[in-house]
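Listed here are the chains, written in short residue letters.
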Number of protein chains: 2
Amino acid sequence: MECCDSVCLIKDGWFREINDMWPGHYFALKVDSVLSCVKSDYQDIMVLKTTNHGNALILDGVIQCTEKDEFAYQEMIAFLPLCSHPNPERVLIVGGGDGGVAREVDKHPLVKKIVQIEIDQKVIDASKKYLPNMAKGFNSSKLELKVCDGFEYMKCHKNEFDVIITDSTDPIGPASALFSESYFSLLKGALRSGGIICSQGGTAWNDIETVKKTLDHCRRHFKEVRYSIACVPTYPTGQNGFFVGALDGNSDLTTPKFKFTDADLEKYELKYYNTQIHSASFVLPNFARKALYG
Amino acid sequence: MECCDSVCLIKDGWFREINDMWPGHYFALKVDSVLSCVKSDYQDIMVLKTTNHGNALILDGVIQCTEKDEFAYQEMIAFLPLCSHPNPERVLIVGGGDGGVAREVDKHPLVKKIVQIEIDQKVIDASKKYLPNMAKGFNSSKLELKVCDGFEYMKCHKNEFDVIITDSTDPIGPASALFSESYFSLLKGALRSGGIICSQGGTAWNDIETVKKTLDHCRRHFKEVRYSIACVPTYPTGQNGFFVGALDGNSDLTTPKFKFTDADLEKYELKYYNTQIHSASFVLPNFARKALYG
């Protein structure tokens, strides 16, 4: 096995997610074994077999997903924008190299075509080997998977998509450009009329200034912008936020246009997302509402 | 300084909340210094000065609150039942020895009288010394504080309260009785007609079987029962649930009868609770909805 720097975060049988992005606290997972640890051109990629959370993907020392709770993040980042759009035929996924988002997007009955742009082939390879329940997203007949830079791709693809989902790592490292104003400008250009975006949005409890700044970047290019929160226990502060933006200022992002029935939830094995939680996820605690909406 | 067993959980400057109640993961806080560590007749009581979360109260090695995020828990456990009741004049708090719940209950304009029963004087003392922003709840002119056993108290006080809030530790240790069916029977007896209860309810992500069992105990004595979830980053899995029960089967616990205005939220310095989040907190992810409501 090759080795990467992230193994240093394992001590006494625990992986400790110690990071300057969240000073003063960390989350730890008990490790059964290190399944893989490699360096790609972009990042450290480590896969752990944990004692209670299934396999876990760690990029540059940060937990991206565990098999136990990944569904919460994947379902929310997929269905918040998809169900807010009246007809999300063409979908672009930027990032999402584990395949989990593609797995969810594929389920939406109105989606006809998915393009996914992941920069790091080694993340895809790791997922295919160690996270088969997520990597099965790559088997979607609707999917065209390209290994390249999402920024560059969008410069050459204008007016093509109804929904763009950015499933990125945090603002430090290879994904930092995906939180910039110019990225939101590119997203806008790649959307067709009525388009909607959804991007990974950190956590309001940890660094609300960064959340506010990114939301403001989004607001410069999208007429209706909302911040949603989902509970994801293995992410810092136990939750993950999402920036959701619509080109159309009359969009009510908080009320889904497409509603899964209870039978659909069973059929598609949705464990987190439902129509009620879509709306509820946009209701913020006062401190966040005040900071983000003024 | 006296010493207690909980200091063993501090290593290399981090307090690690390792516990059999949540196998395979833990949350850690960076410690500036140990302010106090004593053994009472009931539990280990440790207060830490942390680097980024203010002071933290630890009972038997489990984080009860940090100054950074305690407001989320205190506001929700207080206002979920208080705002669901049309006229919560008389309120009983069982536990809550840090004073934070009393601080919030005192703010509700319809509350006239608060009785609080805390079993452990040493928790009250620690809070008064190290958590003044929570212990100020003990200064409420509405409050009568008694140091005794909540179980015993309720055996002698029938038909007295409109709302009873149980702010307890987890089901292991001194609070285990507060999750039993007989406790819910006692709560029922201590309530006046139309009464409502709210109890600390663990987390659905960790041990949903225990949540389900306690909810079922509650259902045997209350006609309308709901489970609510709040985000509290320093609790296991980053959230805390609440059992809310009403004697009256026609109660809609999810729609507050008393609505704080935006001016009220400012006046009472509410940082988490608002009318919208009251309703949203009862919307559960599918896996929890299925397990708890069938």
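Above this text sits the structure in question.
So, how was this worked out
Residue positions are given per chain, counting from 1 as you read along its sequence in written order. Whichever chain is written first becomes A and whichever ligand is written first becomes 1, with later ones labelled in order. Local features in this predicted model are restricted to residues whose pLDDT is 70 or higher, and side-chain atom pairs enter the listing and the counts only when it is 80 or higher, whereas totals over whole chains, interfaces and linings include all residues. For side-chain calculations, the full set of non-hydrogen atoms in the structure is used, while hydrogens and water are omitted. Under the scheme applied here, a residue whose accessible area is under 20% of the maximum for its type counts as buried, over 50% as exposed, and between as partly exposed, the area being computed with a 1.4 Å probe on protein chains only. Strands here mean DSSP runs of E at least two residues long; helices mean DSSP runs of H or I at least four residues long; both are numbered from the N terminus. By this definition, two strands are paired if DSSP reports at least two bridges between them. Handedness of a crossover is defined as follows: with both strands directed away from the viewer, a clockwise route from the first strand across the helix to the second makes it right-handed. Buried residues of nine kinds, namely Ala, Val, Leu, Ile, Met, Phe, Trp, Tyr and Cys, make up a nonpolar core once their side-chain atoms join them within 4.5 Å. In what follows, residue pairs with any heavy atoms lying within 4.5 Å of each other are defined as contacts. Our superposition of the copies is a least-squares fit, built on the C-alpha atoms of residues whose pLDDT is at least 70 in both. Pairing of aromatic side chains here covers Phe, Tyr and the six-membered ring of Trp, requires ring centres within 6.5 Å, and sorts the geometry by plane angle: under 30 degrees stacked, over 60 edge-to-face, intermediate tilted. The rule for a salt bridge is simple: a side-chain nitrogen of Lys or Arg has to be within 4 Å of a carboxyl oxygen of Asp or Glu.

1. Some remarks on the pairing of strand β10 (residues 161–167) of chain B
Residue and element names in this part refer to chain B.
Thought 1: Within β10, seven of the seven residues are buried, which leaves the element mostly enclosed by the surrounding structure.
Thought 2: Examined bridge by bridge, strand β7 (residues 90–95) and β10 share five bridges and lie parallel to one another. Bridging from a neighbouring strand, valine 94 pairs with threonine 166 of β10.
Thought 3: Following the backbone out of β10, through helix α6 (residues 181–190) and into the adjacent parallel strand β11 (residues 191–200), one traces a crossover that is right-handed.

2. Section: the nonpolar core
Thought 1: Val105 of chain A together with Val105 of chain B are the most contacted members of the largest nonpolar core, which totals 86 residues.
Thought 2: Once you skip the residues sitting within four places of it in the chain, valine 105 of chain A turns out to touch Ala78, Leu82, Val91, Ile93, Val111, Ile114 and Ile165 of chain A.

3. Describing the relation of the copies chain B and chain A
Thought 1: For the pair chain B and chain A, the relating rotation is 180°, the translation along its axis is 0.0 Å, and the fit reaches an RMSD of 0.0 Å. Put plainly, the chains are arranged around a two-fold axis.
Thought 2: Looking at the interface residues of chain B, 100% of them are also at the interface in chain A, so both copies use one shared face.

4. Some thoughts on the packing of aromatic side chains
Thought 1: This model, assessed by the stated rule, comprises 31 aromatic pairs over all chains.
Thought 2: Ring geometry for phenylalanine 260 of chain A versus tyrosine 273 of chain A: centroids 6.0 Å apart, planes at 80°, classification edge-to-face. A residue pair is termed long-range when its members are at least 10 positions apart, and phenylalanine 260 of chain A in the loop between β13 (239–246) and α8 (262–267) and tyrosine 273 of chain A in the loop between α8 and α9 (275–280) qualify at 13 residues. Like tyrosine 273 of chain A, phenylalanine 260 of chain A is buried.
Thought 3: Pairing phenylalanine 260 of chain B with tyrosine 268 of chain B gives two aromatic rings, centres 5.8 Å apart and planes at 70°, and the pair type is edge-to-face.
Thought 4: On the basis of relative accessible area, tyrosine 268 of chain B is assigned to the buried category, the value being 15%.
Thought 5: These aromatic residues form a ring-pair network of at least three members: Phe79, Phe258, Phe260, Tyr268 and Tyr273 of chain A.

5. A short note on the pattern of salt bridges
Residues and elements named next belong to chain A.
Thought 1: Overall, the coordinates contain 38 salt bridges over all chains when judged by the stated rule.
Thought 2: Between arginine 103 and glutamate 70 there is a salt bridge whose closest N-O contact spans 2.9 Å. Here glutamate 70 lies in helix α1 (residues 70–84) and arginine 103 lies in helix α2 (residues 100–107), a separation of 33 residues in the sequence.
Thought 3: With relative accessibility at 5%, the residue glutamate 70 sits in the buried group.

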